[in-house]
Amino acid sequence: MTHTHDAQAKGSIVPYGRIELDGIYSTRNTNPLDPGQFNGYATAAGKSSNSSSTFNPRYSVFGLRADRTDGANVITGVVETDFYSQTDNAGNISPRLRLAFARYSPNNSRTSVTAGMDWTPVMGLHPNLVDFSIMGYNGNLWQRLPQVTVRHQFSEHIDALVTVFRFERGLSAIQPQTQRRPFTGNGVGGVPPVSCNNPTGNFACSENAFNDPVQMPYTGTRFGYNGTGKLQGMMVAVSGAYRWYRSAPTALVGGIPSGQDINSYVIGGELVVPITRQLKFSGEIAYGQALGVEFFRFGQDRNLGTGKPIRTTVGWGEIDYAHDKDTTFIAGYGFDNPLNSDLKGDVAGPDTQYLLNHRTYVTAVRHIWSDFYMSFEWNHLMTEWSTNERFAGDNFMLSTWYNF
């Protein structure tokens, strides 16, 4: 075991967090792509026209940050949780891991290596939304992922990174695209002859439980430019990432075909431009194929009928206006536009896969006192599903939070 503290370096351990309460009203089912979260956040405009409302404290956060340095070597560790776990039975909301990484630099942060669970290192710019989903299905590519990332600051203006990352999948994380490896018993490639509780069936239930064919991580890179002087506040970046895997046999007849070569990739750009001292534009645009859970697009990577990778163009842009030191107004738009031909033959039901999903939003944030804030946000969602149905819905959020 190593020492708790190294006498060669000075450091600190700082607890931090956020206590948040969101009051949410939805004019219809505005979260059909993650129904387990009720209307805790917005994803799309669903088929159901029923309105709903909730008080939601689940985006509250608690974390610990530890820093140590001797003037050249720098190491930082972060562990952070929120309460967006899968269930909230009887109001018992369990913690969920958000971040858990260590970052080490041997040269005072010019070069650093991050290992652990951190924000997606490519396409790292995000809109200033209060809504928890941060437009994951409406044009913004994001996630918090296990990764190893090497960053380097070449100059005051230029930085770059290389990375490998992947989603931390559980045994059923890719539903409804349940897949399995071939068996070694009587159930090879088919439905088990008896239940897993009956060992006489010679059926390898442990193999059946492993239903994730994706074993390789993404490899990616990002190059960024940050302005200084008269260009202070400007940022331009380009990113790219790629992964290949071969699809495994499906659990049931009629599911996604097996043995397909899946090439998943994304290329895109980010831009921040100050317009005046109070006004700035932020946005990004990207094109990719088979983009799924690594980019908060659950179930949107492959055609659920043919297994074909889905190509898509995504993007968002917003204007931020700082009215004064305590009040900020934000207005923006984002879209996720899969190639319609890639969704032909889709057997997805309503509220599953979409041909077009976009959002318009307006946000007002008011600083009350110290680290206490209030905000109001309106999200208007319009969705065309693969069933050729179109729906629109509105999500209204009144939020308060205290950062500590």
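Structural data are supplied above this passage.
Residues numbered from 1 in each chain as written. Predicted model: local features only at pLDDT ≥ 70, side-chain atom pairs only at ≥ 80, totals over all residues. Heavy atoms only, no water.

Colleague: Which parts of the structure should I look at to understand the overall build of the protein chain?
Modeller: Secondary structure summary: the protein chain contains 1 helix and 17 strands in total. Across the 404 residues in the protein chain, those meeting the buried criterion constitute 44%. A sequence separation of at least 24 residues applies to 62% of the contacts in the protein chain between residues at least 6 apart. Carbon and sulfur atoms form 61% of the exposed surface of the protein chain, whose accessible area is close to 19300 Å². (Helix = DSSP H or I, 4+ residues; strand = E, 2+ residues; numbered from the N terminus. Buried < 20%, exposed > 50% of the residue type's maximum accessible area, 1.4 Å probe, protein only. Contact = heavy atoms within 4.5 Å. Areas by Shrake-Rupley, 256 points an atom, 1.4 Å probe, with all protein chains shown as cover.)

Colleague: Just checking my understanding: could you explain the nonpolar core for this structure?
Modeller: Nonpolar side chains in soluble globular proteins tend to be buried together. Core analysis: the largest hydrophobic core is formed by 16 residues, its most contacted members being Leu33 and Trp385. Beyond its immediate chain neighbours, meaning those up to four positions away, Leu33 contacts Thr43, Ala44, Tyr137, Gln300, Asp351, Thr352, Tyr354 and Trp385. Counting 14 residues, the second-largest nonpolar core is a separate cluster that includes Met123, Ala241, Val266 and Ala286. (Core = buried A, V, L, I, M, F, W, Y, C linked by side-chain atoms within 4.5 Å.)

Colleague: How should I be thinking about the pairing of strand β7 (residues 144–153) in this particular structure?
Modeller: Across a regular strand the side chains alternate sides, sitting on one face of the sheet and then on the other. The pairing of strand β6 (residues 111–119) with β7 spans 9 bridges and is antiparallel. The partner of Met117 across the bridge, within β7, is Pro146. Bridging between β7 and strand β8 (residues 158–165) involves 7 bridges; their strand directions are antiparallel. In the strand pairing of β8, Val148 is matched with Val164. In sequence, β7 turns back onto β8 through a hairpin of 4 residues. (Pairing = 2+ DSSP bridges.)

Colleague: Sorry if this is basic, but what is going on with the pattern of salt bridges here?
Modeller: Inspection of the entire model under this criterion finds 16 salt bridges. One salt bridge connects Arg297 with Asp336, and the closest N-O pair in it is separated by 2.7 Å. Taken together, the positions of Arg297 in the loop between β12 (279–289) and β13 (311–324) and Asp336 in strand β14 (residues 327–338) put the pair 39 residues apart, joining distant regions of the chain. (Salt bridge = Lys/Arg side-chain N within 4 Å of Asp/Glu carboxyl O.)

Colleague: Could you clarify how one ought to interpret unusual backbone geometry in this entry?
Modeller: Backbone geometry follows two general trends: most residues other than glycine have a negative phi, and most peptide bonds adopt the trans configuration. At Asn108, a residue that is not glycine, the phi angle is positive and equals roughly 60°. For Asn108, the position within the fold is in the loop between β5 (96–105) and β6. On the accessibility criterion, Asn108 (49% relative accessible area) is partly exposed.

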